[in-house]
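Inside the fold
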Amino acid sequence: MTDVTDGVLHTLFRTEQGGHEQVVLCQDRDSGLKAVIALHSTALGPGLGGTRFYPYASDEEAVADALNLSRGMSYKNALAGLDHGGGKAVIIGDPEQIKTEELLLAYGRFVASLGGRYVTACDVGTYVADMDVVARECRWTTGRSPENGGAGDSSVLTAFGVFQGMRASAQHQWGDPSLHGRTVGVAGVGKVGRHLVDHLLQDGANVVITDVRDESVRAITDRYPQVAAVADSERLIRTEGLDIYAPCALGGALDDTTVPVLTASVVCGAANNQLAHPGVEKDLADRGILYAPDYVVNAGGVIQVADELHGFDFERCRAKAAKIFDTTFAIFARAKEDGIPPAAAADRIAEHRMAEARRP
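Before going into details, it helps to say that this report is about the structure given with it. (Residues numbered from 1 in each chain as written. Predicted model: local features only at pLDDT ≥ 70, side-chain atom pairs only at ≥ 80, totals over all residues. Heavy atoms only, no water.)

**Comments concerning the overall build of the protein chain**
Broken down by element type, the protein chain carries 15 helices and 12 strands. The C-alpha radius of gyration computed for the protein chain amounts to 20 Å, which stays within 12% of the reference 21 Å derived for 360 residues, consistent with globular compactness. Along the first, second and third principal axes, the C-alpha set of the protein chain runs to 55 × 45 × 45 Å. Counting the 360 residues in the protein chain, one finds 54% classified as buried. Look at the contacts in the protein chain between residues 6 or more apart in sequence, and 65% of them connect residues 24 or more apart. For the protein chain, the accessible surface area stands at approximately 15,600 Å², while carbon and sulfur atoms represent 49% of it. (Helix = DSSP H or I, 4+ residues; strand = E, 2+ residues; numbered from the N terminus. Rg over C-alpha atoms; globule rule 2.2 N^0.38 Å. Buried < 20%, exposed > 50% of the residue type's maximum accessible area, 1.4 Å probe, protein only. Contact = heavy atoms within 4.5 Å. Areas by Shrake-Rupley, 256 points an atom, 1.4 Å probe, with all protein chains shown as cover.)

As structure tokens, this is what we get:
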């Protein structure tokens, strides 16, 4: 029993990464809710991050995802210049099967019990309508509909921010921020990816897409016949002439299998936790592939939901999201100066801001 307990505590505290401030395991028997709320850091302010609703293979996998995602939010919010720390929640189960109003209300009560230490929003498997329900029990809820005092869908500014990060990547890699004539492969054309395609085409890029949902692919190709589609991400990463690869689905897209065969010289996408393990960033650098850290370029959405707390103004948010270009470009410069991969440079900058906030 001691070994099992020690293993669980080590996972929760993550001592090798500085530990998490608080991890809450939530269960409501009546609605069937099982959730994990993880607060990595509140050094800069209340933890802010979305709620992921996903059918995890195990409870342990759900806990690990909450911990990884919440840590990523600390770094994302720090580099976005927000006065928020990192938090994230996961609800365990298939949202198509178990999501009910009662379950979302129960979840809202758990978030509310933290008294504002955690502010929640949408993520994979949750939508604006869901946040409207959660907000009935919890005032620390963002990503709500305009009819309910919110800003609505945050994927619009998430895609815009990724596009700015991509432009900064092009500036660093080729000396020109324009994507005109560049071939960009987008893996995942759902909430964020479809908006990213719009930006790319408007800038004159050639676009190749893939998605596990055929209907998502058809929605793009019916609207834009010039967009090419391939069967899966395995084929996409091997596409000849690919300049930029944009992972916009779930995490772990860059691993020991994909990096050696990737034809693109830039990776810049919306997915969280794209690196399957820390060594992948060095593998990318060794191949001369420029990696734009995911939590830097996909910060447009969190910029939007944070602004909602103060009275949402779209143009103000768009101006903040446009600065992702400058932040990304500065990270590349820091990486070159320090002789380290961009992901490590981004971590250093974020950690410095959090450390400064902790000083008395």
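Further notes follow.
**Observations concerning helix α6 (residues 155–174)**
Compared with an ideal rise of 1.5 Å per residue, which puts 20 residues at 28 Å, α6 spans 28 Å between its outermost C-alpha atoms and is within 8% of the ideal. Counting buried positions along α6 yields 14 of 20 residues, so the element is predominantly enclosed. One or two steps after α6, the chain reaches Gly-175, where phi turns positive at roughly 80°. (Expected span 1.5 Å × (residues − 1).)

**Things to note about the pairing of strand β5 (residues 85–92)**
Taking burial as the measure, the eight residues of β5 include eight buried ones, the bulk of the element. A two-sided burial pattern is seen for β5, the buried positions comprising Gly-85, Gly-87, Ala-89 and Ile-91 on one face and Gly-86, Lys-88, Val-90 and Ile-92 on the other. Relative to β5, strand β3 (residues 47–48) is paired through two bridges, and the arrangement is parallel. Looking at β5, one finds that Gly-47 is bridged to Gly-85. In terms of strand pairing, strand β4 (residues 51–54) meets β5 through four bridges, oriented parallel. When the sheet's bridge partners are listed, Phe-53 is paired in β5 with Ile-91. Tracing the backbone out of β4, into helix α2 (residues 59–79) and back to the parallel element β5 gives a crossover that is right-handed. (Pairing = 2+ DSSP bridges. Right-handed = clockwise from strand over helix to strand, strands pointing away.)

**Quick look at the sheet that holds strand β8 (residues 206–210)**
Reading across the sheet, the six strands line up as β9-β8-β7-β10-β11-β12 and stay open at both edges, with parallel pairing between neighbours. Every other strand in the sheet has two partners, leaving β9 (228–229) and β12 (290–291) as the edge strands with one partner each. Here two bridges tie β8 to β9, and the two strands are oriented parallel to one another. Bridged to Val-208 within β9 is Ala-228.

**Points about the nonpolar core**
The biggest cluster of nonpolar side chains holds 32 residues, and the ones touching the most others in it are Leu-33, Ile-37, Ile-91, Tyr-107, Tyr-118 and Val-302. At the level of elements, β2 (33–41), β5, α4 (101–112), β6 (118–119), α5 (128–134) and α12 (300–308) are the ones that each hand at least two residues to this core. If one sorts the elements of this core by residue count, α4 sits on top with six residues. The residues contacting Leu-33, other than those within four sequence positions of it, are Cys-26, Gln-27, Asp-28, Ile-91, Leu-103, Ala-106, Tyr-107 and Phe-110. Within the second largest apolar cluster, 31 residues are counted, among which are Phe-163, Met-166, Cys-268 and Val-297. (Core = buried A, V, L, I, M, F, W, Y, C linked by side-chain atoms within 4.5 Å.)

**Observations regarding the packing of aromatic side chains**
Inspection of the entire model under this criterion finds four aromatic pairs. An angle of 70° between the planes, with centres 5.8 Å apart, marks the rings of Tyr-75 and Tyr-295 as edge-to-face. You can see Tyr-75 sitting in helix α2 and its partner Tyr-295 sitting in helix α11 (residues 294–297), a full 220 residues away along the chain. Each member of the pair Tyr-75 and Tyr-295 is classed as buried. Arranged with centres 6.3 Å apart and planes meeting at 15°, the rings of Phe-325 and Phe-329 form a pair that is stacked. (Phe/Tyr/Trp six-rings, centres within 6.5 Å; stacked < 30°, edge-to-face > 60°.)

**Details of the pattern of salt bridges**
Scanning the entire structure with this criterion turns up 19 salt bridges. Among the salt bridges present, the one from Asp-59 reaches Lys-34, with a minimum N-O distance of 3.2 Å. A residue pair is termed long-range when its members are at least 10 positions apart, and Asp-59 in helix α2 and Lys-34 in strand β2 qualify at 25 residues. Among the residues examined, Asp-59 registers a relative accessible area of 36% and is labelled partly exposed. Of the charged contacts, one joins Arg-348 and Asp-338 as a salt bridge, the two residues approaching to 3.2 Å between their closest N and O atoms. Residue Arg-348 is found in helix α15 (residues 342–358), and its partner Asp-338 is found in helix α14 (residues 324–338); the two are separated by 10 residues along the sequence. (Salt bridge = Lys/Arg side-chain N within 4 Å of Asp/Glu carboxyl O.)

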